[in-house]
Protein chains: 2
Amino acid sequence: MDQVNLKKLAKELNLAVSTVSRALRDSHEISPQTKERVRELAEKLGFQPNPHASSLRQNKSKTIAVIIPEIENNFFSQVINGIESVSPTKGYHVLIYLTHEDYNKERDMLQLLRNGRVDGVMVSVSNTTTSFEHIDAWRQAGLPLVLFDRTCDELDVPNIMTNDAEMAFKATEHLLKRGCKRVAFLGMGGNLSISNRRKAGYLAALEKYKIATPPQVIELTAKDYINRETLHQVFSQQPPDGVFAAIEKFAVNTYEVCKELKLHIPKEVKVVSFSNLQAAALFDPALSTIIQPAYDIGREAANILFKLIEKKILMPFEKKMVLPSQLIERASTAELIR
Amino acid sequence: MDQVNLKKLAKELNLAVSTVSRALRDSHEISPQTKERVRELAEKLGFQPNPHASSLRQNKSKTIAVIIPEIENNFFSQVINGIESVSPTKGYHVLIYLTHEDYNKERDMLQLLRNGRVDGVMVSVSNTTTSFEHIDAWRQAGLPLVLFDRTCDELDVPNIMTNDAEMAFKATEHLLKRGCKRVAFLGMGGNLSISNRRKAGYLAALEKYKIATPPQVIELTAKDYINRETLHQVFSQQPPDGVFAAIEKFAVNTYEVCKELKLHIPKEVKVVSFSNLQAAALFDPALSTIIQPAYDIGREAANILFKLIEKKILMPFEKKMVLPSQLIERASTAELIR
DNA sequence: AAATTTTTCGAAATCGTTTGCAAAGAATTA
DNA sequence: TAATTCTTTGCAAACGATTTCGAAAAATTT
């Protein structure tokens, strides 16, 4: 036994284990002198309390889980960064779980975490998620949970998101004002709240500007080669003159296909996309983007989760928090020079 | 108490706690019939063993830690993805810690994790790390640890990395063969193993091709605006005609500054960089990159860590594993058309 | 039928920390 | 001085799962 624990300290100091424990937790019922003695030896022996014993006894793990669809995506990386800006200050540890856009995995993970391993979870649901029972089960069990970005409006659970519909409207409007007549929307299938919000914004803009040509909603997938094939097929018949991509990846696919088909951006096709890629400005041409406040979303979501964990009462605005995105106009939606 | 535990199951079944425990762990000393009875009720009541109690008793946490400098970087995201491709299959959970390139944080984290919270750690050291005592302390304590990418050759700890020196040599050689006379190297300060290896490869290439002009090593930082300032200053005097960036971020900075100074890439300056950004092909001009096998590095590092945890003996090649990178030549290093 | 082995299960200790309660001594009050 | 509080400490029981040890019961062998 080279591991130092309370018992060892207690024996060394001729004290009871309980006294040592209390001394280290700075309890008022321990005299300053003994506290000092205990602290000194603990320091000297490099004592570190066993987290499993503490967790077991106190029934709290000082750990939270982050469940996201993927991580090779600037948005989610930045969210994690935001979360990590809070968690250490609260003494919390962060577990990461990837669903790879698989509802079954998501459900199973959430189920598996209901054993006290974590004190709360932050979820951005996968795009194959149709039922929210697994989320609701957490809510019903009274366990702390927040949804971010890919949320679910119906549930009485804190949502932290951005103004998707509004920005989708603005992006579409931007394309229309730049002279586009046939604007296509690239979304991911499923009935993800986020997809719906973005599609709704797109449709609203078309309606407001009384666009005659019917909306063109193209549903893409997680696989690049499938997307390229789909786009290739659509674009080689009658290409749209404006593309609004709901995800960065789809904008990249659009660029690739336009290059293949020798469609000039922005002369023949203008492109705007939700994206948090800093390097979007270096694209050929520079990509107009809607930047989401990913870091802030992560930070605020974490703050709210910790409030839930600490059983503090949430302010009304914290139940459904909307952090605004920003539209950056770049060359990919530049006006034609006549 | 709505929480189901062994005691509850035992009482319900008129069995001893130990029997229930053994039945659920499929012990040979429990009859098939009772096993079935126990399993059925456990299933029905949704029993999930308390991980803290198990961890405490068994002295293992089924958790590993990943300590990385940052996460808003495609490379590290891909590494995590690789790790996550292994850990669930082993029943392990993954904690993420960010050092933000701060040696003190790194040291403290490693110290803090020496309390049984995790069964092993994977570290990519920060660039402010000069001493490796904190790493060595783990090794000496016999705790499982692997280093990846940003490693330390001196220590007797498994290293999983890529062929940095070789690829740096190739990248520099590539620039020289494309006609560059004054190739600059953009590295990050500190004496990180990875920086040294890349710098060494750069210098070796200059030497082999007997370049008369002295090497130009420019040390950049984590802050974009500082880097832009530095590069602006250097480039506005006598710009190099070739730039080899050790990190993606520095290539982006180079692009930005070249745009400011109206230096044409690749006519006046050719650029090649270590980068795992898929979108590098869409840059203006498309960026020549050295792609690191990030996913594989994560996967292999995790595999080796689990071998250590399971006290399996490592094969010699697993102690220092080198996974090859790939040089993709694109427009940013295209030959001039005369 | 007796002796032995094998199968099946229970009691209790254990992991390390926290905490309710009791007890002793010191300090204060009546 | 006696009765009371307050301060400081120790004892022991949790928390929930695992595991050692041992004891019945059943199956097998002699």
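The name given to chain A in an unreviewed UniProt entry is LacI family transcriptional regulator, with Niastella populi as the source organism.

(A) Quick look at the environment of A:Ser236. Residue and element names in this part refer to chain A. Tracing the sequence through the fold places Ser236 in helix α10 (residues 224-237). Residues Ser236 and Thr63 lie 173 residues apart in sequence; the distance between their C-alpha atoms is 51 Å. In this structure, Ser236 is in contact with Leu231 and Leu261, ignoring residues within four places of it in sequence. Of the polar contacts made by the side chain of Ser236, one reaches the backbone oxygen of Gln233; its length is 3.1 Å.

(B) Here's a closer look at the interface of chain B and chain A. Contact with chain B, which involves 43 residues of that partner, is made by 43 residues of chain A. The junction of chain B with chain A conceals about 4200 Å² of combined surface from both sides, 55% of it contributed by carbon and sulfur atoms. The largest share of the area that chain B buries against chain A comes from B:Gln48, B:His52 and B:Leu282, three residues that together contribute 18% of it. On the surface where chain B and chain A come into contact, there are zero salt bridges. Along the contact surface separating chain B from chain A lie 15 residue pairs in polar contact (both at pLDDT 80 or more). Put simply, the parts of the chain that give the side of chain B that touches chain A at least two residues each are α4 (51-58), α5 (74-84), β2 (93-98), α6 (103-112) and α11 (248-260) of chain B. Residue contributions to the side of chain B that touches chain A peak at six residues, all from β2(B). Here the side of chain B that touches chain A is composed, by residue class, of 20 nonpolar, 15 polar and eight charged.

(C) Focus on the packing of aromatic side chains. Tallying each qualifying case throughout the model produces 13 aromatic pairs over all chains. Summarising the aromatic geometry, the rings of B:Tyr92 and B:Phe306 are spaced 4.8 Å apart at their centres and angled 55 degrees between planes, so their arrangement reads as tilted. With B:Tyr92 in the loop between α5 and β2 and B:Phe306 in helix α12 (residues 294-309), this pair connects stretches of sequence that are 214 residues apart. Both residues of the pair, B:Tyr92 and B:Phe306, belong to the buried class. With a centroid separation of 5.5 Å and an interplanar angle of 55 degrees, the aromatic rings of B:Phe185 and B:Phe244 are classed as tilted. Of this pair, B:Phe185 sits in strand β6 (residues 183-188) while B:Phe244 is found in strand β8 (residues 242-245), placing the two residues 59 residues apart along the sequence. Classification of B:Phe185 by relative accessible area gives buried; the value is 1%. Members of the aromatic cluster, joined through ring pairs, are A:Phe185, A:Tyr202, A:Phe244 and A:Phe274. Cation over ring: A:Arg198 sits above A:Phe274, and NZ or CZ is 3.5 Å from the ring centre.

(D) Fine view of the sheet that holds strand β9 (residues 270-274) of chain B. All names here are of chain B. Pairing in this open sheet of six strands is mixed, and the strands run β7-β6-β8-β9-β10-β12 from one edge to the other. Each of the sheet's edge strands pairs with one partner strand only, and the pair in question is β7 (216-220) and β12 (326-328). Between one strand axis and the next, the sheet turns through 20 degrees on average, direction left out of account. The sheet contact formed by β9 and strand β10 (residues 288-291) spans three bridges and is parallel. Each residue of the ladder has a partner; that of Phe274, found in β10, is Ile290. On the sheet, α11 packs against β6, β7, β8 and β9 and is oriented at approximately 155 degrees with respect to β9.

(E) Seen up close, the sheet that holds strand β12 (residues 326-328) of chain A. All names here are of chain A. Sheet architecture is open: six strands sit in the order β7-β6-β8-β9-β10-β12, paired in mixed fashion. One side of each edge strand has no neighbouring strand; the edge strands of this open sheet are β7 (216-220) and β12. Within the sheet, the average angular offset between the axes of one strand and its neighbour, ignoring direction, is 20 degrees. Note: strand β8 (residues 242-245) against strand β9 (residues 270-274), four bridges, orientation parallel. The partner of Ala245 across the bridge, within β9, is Ser273.

(F) Spotlight on the protein's contact with DNA strand C. DNA strand C sits among 26 residues. The nearest are A:Leu6, A:Ser18, A:Arg57, B:Thr19 and B:Arg22. Backbone sugar and phosphate groups make up 60% of those atoms of DNA strand C lying within 4 Å of the protein. Here a phosphate oxygen of DNA strand C and a backbone polar atom of A:Asn50 are 3.3 Å apart. Taking B:Arg22, its side chain carries an N or O atom lying 2.5 Å from a base oxygen of DNA strand C. Going through the elements one at a time, α2 (17-24) and α4 (51-58) of chain A together with α2 (17-24) and α4 of chain B are the ones with two or more residues in the surface near DNA strand C. Of the residues contributing to the surface near DNA strand C, the split by class is nine nonpolar, eleven polar and six charged.

What counts, and where the lines are drawn
- Residues numbered from 1 in each chain as written.
- Chains lettered and ligands numbered in written order.
- Predicted model: local features only at pLDDT ≥ 70, side-chain atom pairs only at ≥ 80, totals over all residues.
- Heavy atoms only, no water.
- Helix = DSSP H or I, 4+ residues; strand = E, 2+ residues; numbered from the N terminus.
- Contact = heavy atoms within 4.5 Å.
- Polar contact = N/O pair within 3.5 Å; in protein donor to acceptor, adjacent residues only side chain to side chain.
- Buried area = accessible area lost by both parts, 1.4 Å probe.
- Salt bridge = Lys/Arg side-chain N within 4 Å of Asp/Glu carboxyl O.
- Nonpolar A, V, L, I, M, F, W, Y, C, P; charged D, E, K, R; others polar.
- Phe/Tyr/Trp six-rings, centres within 6.5 Å; stacked < 30°, edge-to-face > 60°.
- Buried < 20%, exposed > 50% of the residue type's maximum accessible area, 1.4 Å probe, protein only.
- Lys NZ or Arg CZ within 6 Å of the ring centre and 35° of its normal.
- Pairing = 2+ DSSP bridges.
- Axes fitted to C-alpha atoms, helices over the stretch in contact; angles between N-to-C directions.
- Near = heavy atom within 4 Å.

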